[in-house]
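Letter by letter, the chains look like this.
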Amino acid sequence: MNPAYSVILFTTASGAGYGLLVWLAIAVLLGSVAPSGALAAAGLVLALALITTGLLSSTLHLGRPERAWRAVSQWRTSWLSREGVLALATYVPTGLWLLVQWFSPSIWWIVPAFLALLAAAGALATVWATGMIYQSLPTIRAWSEPLVAPVYVLLALATGGVVLALLQAVFGSPWQVMAIVAAVLLVAAAIAKWLYWHRIDTAPRSWTVESATGLGSIGRVRPLEPPHSQPNFVMREMGYAVARKHASTLRMLSLGAGFVAPALLLVLAASLPPVPATFAALAATLGVAVGVITERWLFFAEAQHVVTLYYGAERV
Amino acid sequence: MLHILQMLLGAIETPGSFRVKPPYPKSIPPRIKPRGKAADVKPGTPLPGPQLGFVTTPDDLLVEDTGMPSRIDKAFSWDAPISAHGLMHMVITNAAKGDPYSIDTLFMYMANMSWNSSMNVPAVIDHLTAKDEATGEYKIPRIIYSDAYFSEMVPYADLILPDTTYLERWDCISLLDRPISDADGPADAIRHPVVQPDRDVRGFQDVLIDLGWRVGLQAFTKPDGSRKFPGGYPDYIVNHERGPGVGPLAGWRGKDGESFGKGEPNPKQLERYIANGGFHHHELAPEQRYMKFANRAYMEWAHAKGFLESTDRLVMQLYCEPLQRFRLAAEGHGAVTPPETHRHRIKTYFDPLPFWYEPFEEKAIDLNEFPMHAITQRPMHMYHSWGSQNAWLRQITAANRLFMSRGTAAEMQIVDDDWVWITSHQGRVKAQVKLMEGVNPETVWTWNAIGKRSGAWGLDKDAPEATRRFLLNHLIGELLPEREGGYRFSNSDPITGQAAWYDLRVRIEKADGEPPGTSPRFEPLTPPKGVGRSGR
Amino acid sequence: MTALPLATEKKLGLVIDLDTCVGCQACVTSCKEWNTGGYSAPLSDEQPYGADPHGAWLNRVHSYEAGDGAKGRTVHFPRSCLHCETPACVTVCPTGASYKRGEDGIVLVNPDTCIGCKLCSWACPYGAREYDYTDGIMKKCTLCIDRIYNETLSPEDRQPACVRACPTGARHFGDLGDKESAVSKLVAARGGYDLLPELGFKPTNKYLPPRPRKVEATTRAAPTEAISASDGSPAERLFAWVDKVLSA
């Protein structure tokens, strides 16, 4: 599948934003972050910025962005529509939460707490819906894996957790717990991702060009002439393939720079004084950004679409 | 050979077999003789007959008393006596070599004769600019060329007559020349303008009619000296009569438009064609539809319409008497006999019964050196396109590969996508290979007419047609090797002059260690301002 | 509405005969010609005279080889929307621009509401949906909905443009939901099949397999076996030899 940068940016940025929102809500509910403090406000603004950047970026992928509002209508069948509905719905408690902090910081604590709870639930559901857009496509074997949506959620939580730990360090708020939680989440995400790669590498490639054409009874099938001399939309969009050797290098880069190294940095940060800890958390955040963008690029580039059988793939 | 088998089987014009589309069958052979001997050509008078026709005896040949061909393409000469279509592919070569004579002006129309309609393309391109060493003058001093596109031939022209495209012009697909008939009845068709030209052009036929009047040709001039067809080509289509009541179009003739085949010109004829979707089809009565060569109901009707000269049944010939007349001439009988140089050739190939002989090229070369056959055919979807640069069709095929038997390739360690040199006695081209099962192991093939010279046809210079294509034409000689006395026959059928495209023999070698890409490439053409993409 | 109809009154679709298709591309170009002025207009072309010409087409013809050596066949393979009974391209659509019609089963894209998210093309295993880079929306086979019900056309023209254009009669149009229709009978007689049935989208369009080659159909048991199975007497071997010669 063609790794469109608009979609990569959307899923990684909004994923981190939603993850941040979830941890912020948990921290508020647990009382480790004041519901109406500068840290909560900064966290909310950053989360909304990441989410909104991602959503705007996703509309760049559309042929007719001015019609994007129509995408919320088909939530009964379409995960993409559900994602849109949930994303918009999540703005309501998140926005109210922010407003409450801004204008009535002294309001009864249960109000922001309740809004935080709703925002966290919305965030998790939105990321789940994003994952399900991919997981629900049987035409792409690497995506119709049960680990796809969970990994999306796990990565959102891990990246959001890293960002919150960084924020806490910057604001001089206790960051150690969040740093350790984020490190654990990164390791969990790395394990899940490794399991996912193992599964797609060992999955049976049982769809064949013989079945796609129905000509297997005659014998082995192979293309003689394509329908057009130059690649068409289907080949440009679905025919993107990354070389296996190249992919395994990138997997290592993603795991090392994006998961293992940041996890170690975060553990280190937990034991450092505030200023060096901030720099360690910043380095971890940058590493995670590189790692998760690489991971997302690979998620597309390694996914082989069944339609490629008509264009030269022997089996998928 | 196919038609001889059909004749033997009685599988012509019977239900379920090969059938003939009216206005055919014509008398065999048609009683039309070609004209164009030096004595036929008189200033201020039309040629006494058509340029093309059906030669049946040596007396009909267009040769001078010396035996020299009268026509520049040597059609209807001893080189190719029954060349009913002419030998268009030889014109540039003959003109440049001054064989049979030199010409001062070469006037050509849209046939792309120095590219994919030509053999030995590099040499033919060189002919267009070749100079006489003694005088420093061009061997072909003036070239006039008409084309709707910036084709490979256009840059070599001294005078270009820009033509209109099919969408901008009137045309007539007449019963006189490859009509759209089916076996159940004759049909003809027109094209009519659906868009107005956005540039300063006129349809080629309009220009010819205008030129004809300007030089005072009778056919285009009224007795008072005014234009006979002031409305140009559509006027000509409607009002020209080649015989009483017979014109370019057969449908809706007569003042009332109710006659078919023969009738006075109908001023509303073109409107009737347009209203009917651009064509006219006459349905034969059921009893006229089969055995048309001996069907009284059909033949009487066809005679009345001018399709047939008489109602005598037409006899298909297994034993071909006209060929025997030439053979007798080669043996010294009759008033017109071939020159010594041609006697053996005429005697050998003008056999009144069909026979097989080894193609000239195969006979002349070492088959161990060139063990493979190489053939080419136009892709089906390109058949009715003017040039293959059509915006839709070029998406389907913009590049061509050399198709080769998988088994043969394996013996040569060639795999799919390898680059190979295809070498003939004439030259070599480089191509990329696509292996397949459905081809004879000793034959390679490719799609024809895809390749374009870079910069031509309004395409970008790096279009696939210029970078991932090749033509087999480069490998096919237009002349056979020299014979005793230095004479070189055209690489064409000795009887009909049909170009011997399919006699090509080649060898295939892996192009190891060379950069990928087709070869040869010619210097890119630069379209003049306002032409093609440079003009947009 | 992207919810699928529970059942459709008709199942209009195509039956494509791989035995008679010669790969002439007439259906491809007539499809483009009709539809660039029809329901899906325009079908844009990118770089039409450039180095990388490509565009939106609703019907494409591939050529494949099946089998090796003397058994190898060249098969021309037209591919367009199969108007599936349970098309995922419809249910994934976030806007409702994609829909399957209850009355005849035709799958369409509403060009006025499609946002060009391309998700339907990801959901389709058959490559039937193409993005029009200039128009910014998805294009697909409409089964020439603007011909088949078009009363301004003469009755024989009320068929998809591809079917009308096919010079070898390799394309057939009809109601595959009606067991008595000509297309259903053709599918039954010729063993028409679905593409990628294991994906479960239940394509309406059917493909007719290339017929067995005559040489294959008439291949007999090797005569030498008949000889070795005989009792070996000279008369028996003579008859066996005669049989072999006559059956060769």
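Residues numbered from 1 in each chain as written. Chains lettered and ligands numbered in written order. Predicted model: local features only at pLDDT ≥ 70, side-chain atom pairs only at ≥ 80, totals over all residues. Heavy atoms only, no water.

## What about the overall build of chain A?
Scanning chain A from terminus to terminus reveals 10 helices and 1 strand. Scanning chain A from its N terminus toward the C terminus, one meets helices and strands in the order α-α-α-α-α-α-α-β-α-α-α. Relative to the 2.2 N^0.38 estimate, which gives 20 Å for 316 residues, the radius of gyration of chain A is 22 Å and therefore close to what a compact globule would have. C-alpha extents for chain A along the principal axes are approximately 75 × 45 × 30 Å. (Helix = DSSP H or I, 4+ residues; strand = E, 2+ residues; numbered from the N terminus. Rg over C-alpha atoms; globule rule 2.2 N^0.38 Å.)

## Quick notes on the interface of chain C and chain B
At the junction of the two partners, chain C supplies 25 residues and chain B supplies 22 residues. When chain C packs against chain B, close to 1,800 Å² is buried across both sides, 58% of that on carbon and sulfur atoms. Three residues, Tyr49(C), Ala51(C) and Glu65(C), lead the burial of chain C against chain B; their summed loss comes to 35% of the area buried on that side. The interface formed by chain C and chain B holds 1 salt bridge in total. The residue Arg406(B) makes a salt bridge to Glu65(C) at a minimum N-O spacing of 3.2 Å. Where chain C meets chain B, there are 11 residue pairs in polar contact (both at pLDDT 80 or more). Split by residue class, the side of chain C that touches chain B holds 8 nonpolar, 12 polar and 5 charged. (Contact = heavy atoms within 4.5 Å. Buried area = accessible area lost by both parts, 1.4 Å probe. Salt bridge = Lys/Arg side-chain N within 4 Å of Asp/Glu carboxyl O. Polar contact = N/O pair within 3.5 Å; in protein donor to acceptor, adjacent residues only side chain to side chain. Nonpolar A, V, L, I, M, F, W, Y, C, P; charged D, E, K, R; others polar.)

## Some remarks on the domain arrangement of chain B
Residues and elements named next belong to chain B. Here chain B is described as being made up of domain 1 (39–85 + 319–352), domain 2 (163–283) and domain 3 (360–535). The distance between the C-alpha centroids of domain 1 and domain 3 comes to 33 Å. The interface of domain 1 with domain 3 comprises 12 residues on the first partner and 10 residues on the second. Summed over both sides, the interface between domain 1 and domain 3 buries roughly 1,000 Å², with carbon and sulfur atoms accounting for 57% of that surface. Joining domain 1 to domain 3, the criterion identifies 0 salt bridges. (Domains from an automatic or database assignment.)

## As for the sheet that holds strand S5 (residues 73–80) of chain C
In spatial order, the strands read S1(A)-S4(C)-S5(C); together these 3 strands make up an open sheet with antiparallel pairing. With partners counted over all chains shown, the strands left at the sheet margins are strand S1 (221–225) of chain A together with S5 of chain C, one partner each. Sheet twist, expressed as the average angle between the axes of neighbouring strands with direction ignored, equals 40°. Looking at chain direction, strand S4 (residues 59–66) of chain C and S5(C) are connected through 8 bridges and run antiparallel. Bridge pairing in S5(C) links His62(C) to Phe77(C). (Pairing = 2+ DSSP bridges. Axes fitted to C-alpha atoms, helices over the stretch in contact; angles between N-to-C directions.)

## A word on helix H1 (residues 26–35) of chain C
Among the 10 residues of H1(C), 7 are classified as buried, and the element is accordingly described as predominantly covered. Taken together, the buried positions of H1(C) are occupied by Cys27(C), Val28(C), Thr29(C), Ser30(C), Cys31(C), Lys32(C) and Asn35(C). (Buried < 20%, exposed > 50% of the residue type's maximum accessible area, 1.4 Å probe, protein only.)

## Some remarks on the environment of Gly517(B)
Residue and element names in this part refer to chain B. Within the secondary structure, Gly 517 is located in the segment after strand S12 (505–510). Judged by its relative accessible area of 10%, Gly 517 falls in the buried class. Among all residues touching Gly 517, those that are not within four sequence positions of it are Trp 419 and Lys 430.

## Thoughts on the nonpolar core
Inside soluble globular proteins, nonpolar side chains tend to come together where they are buried. If you look at the biggest cluster of nonpolar residues, it comprises 164 residues, and the most contacted ones within it are Trp97(A), Tyr134(A), Trp143(A), Tyr310(A) and Trp122(C). With sequence-adjacent residues up to four places away left out, Trp143(A) is seen in contact with Met1(A), Tyr134(A), Gln135(A), Leu137(A), Val148(A), Tyr196(A), Phe299(A), Phe300(A), Ala303(A) and Trp122(C). Within the second largest apolar cluster, 30 residues are counted, among which are Ala95(B), Ala96(B), Val121(B) and Ala463(B). (Core = buried A, V, L, I, M, F, W, Y, C linked by side-chain atoms within 4.5 Å.)

## Focus on the pairing of S5(C)
Extensive coverage of S5(C) is indicated by the burial of 7 of its 8 residues. Joining the antiparallel neighbours S4(C) and S5(C) is a turn of 6 residues, in which Gly67(C) adopts a positive phi near 85°.

## Some thoughts on the packing of aromatic side chains
One pass over the full model with this rule turns up 43 aromatic pairs over all chains. Ring geometry for Phe260(B) and Phe307(B): centres 6.5 Å apart, planes at 90°, overall edge-to-face. Remark: Phe307(B) occurs in the loop between helix H7 (296–304) and helix H8 (321–330) and Phe260(B) occurs in the loop between helix H5 (232–239) and helix H6 (269–275); sequence separation between them is 47 residues. Ring plane angle 80° and centroid distance 5.5 Å describe the contact between Tyr64(C) and Phe77(C), whose orientation is recorded as edge-to-face. Here Tyr64(C) is found in strand S4, whereas its partner Phe77(C) is found in strand S5, with 13 residues between them in sequence. Phe77(C) carries the same exposure label as Tyr64(C), and that label is buried. A cation over an aromatic ring shows up here: Arg76(A) above the ring of Trp75(A), its NZ or CZ 5.0 Å from the ring centre. In this structure, Lys32(C) is placed above the aromatic ring of Trp57(C), and the distance from its NZ or CZ to the ring centre is 4.6 Å. (Phe/Tyr/Trp six-rings, centres within 6.5 Å; stacked < 30°, edge-to-face > 60°. Lys NZ or Arg CZ within 6 Å of the ring centre and 35° of its normal.)

## A word on the packing of helix H6 (residues 176–202) of chain A against helix H10 (residues 274–301) of chain A
All names here are of chain A. Where H6 meets H10, the axes come as close as 13 Å, and the angle between the chain directions of the two elements is 20°. One way to sum up the angle between H6 and H10 is to call them roughly parallel. In the crossing of H6 with H10, the sense of the turn from one axis to the other is left-handed. Along the contact surface, H6 presents Leu 186, Lys 193, Tyr 196 and Trp 197, while H10 presents Val 288, Glu 295, Leu 298 and Phe 299. The residue inventory of the contact of H6 with H10, partitioned by class, reads 6 nonpolar, no polar and 2 charged. (Parallel < 35°, antiparallel > 145°, perpendicular 65-115°, else oblique. Left-handed = near helix turned anticlockwise from the far one by under 90°.)

## Regarding the pattern of salt bridges
If the charged atoms of two oppositely charged side chains come close together, the side chains can form a pair. According to the stated counting rule, one finds 58 salt bridges over all chains in the structure shown. Two residues, Asp184(B) and Arg19(B), come together in a salt bridge whose shortest N-O distance is 2.6 Å. Of this pair, Asp184(B) sits in the loop between strand S4 (171–173) and strand S5 (187–191) while Arg19(B) is found in the loop between helix H1 (2–9) and helix H2 (91–97), placing the two residues 165 residues apart along the sequence. On the basis of relative accessibility, which here comes to 24%, the residue Asp184(B) falls in the partly exposed class. Here Arg101(C) ties to Glu103(C) by a salt bridge, and the two come within 3.4 Å at their closest N and O atoms. The exposure class assigned to Glu103(C) is partly exposed, which follows from its relative accessible area of 38%. The network of salt bridges with shared partners includes Arg220(A), Arg222(A), Arg406(B), Glu437(B), Glu65(C) and Asp68(C).

## Some words on the sheet that holds strand S2 (residues 142–147) of chain B
The pairing of strands in a sheet comes from backbone hydrogen bonds and takes either a parallel or an antiparallel form. All names here are of chain B. In space, the 3 strands of this open sheet follow the order S1-S2-S3, with parallel pairing throughout. The sheet is open, and its two borders are formed by strand S1 (105–109) and strand S3 (159–162), each paired with just one other strand. For this sheet the average axis-to-axis angle between neighbouring strands, irrespective of direction, equals 10°. Taken together, the 5 bridges between S1 and S2 define a ladder with parallel strand orientation. Directly across from Tyr 109, in S2, lies its bridge partner Ser 146. Running over the sheet, helix H4 (residues 204–214) touches S1, S2 and S3 and is turned about 140° from S1.

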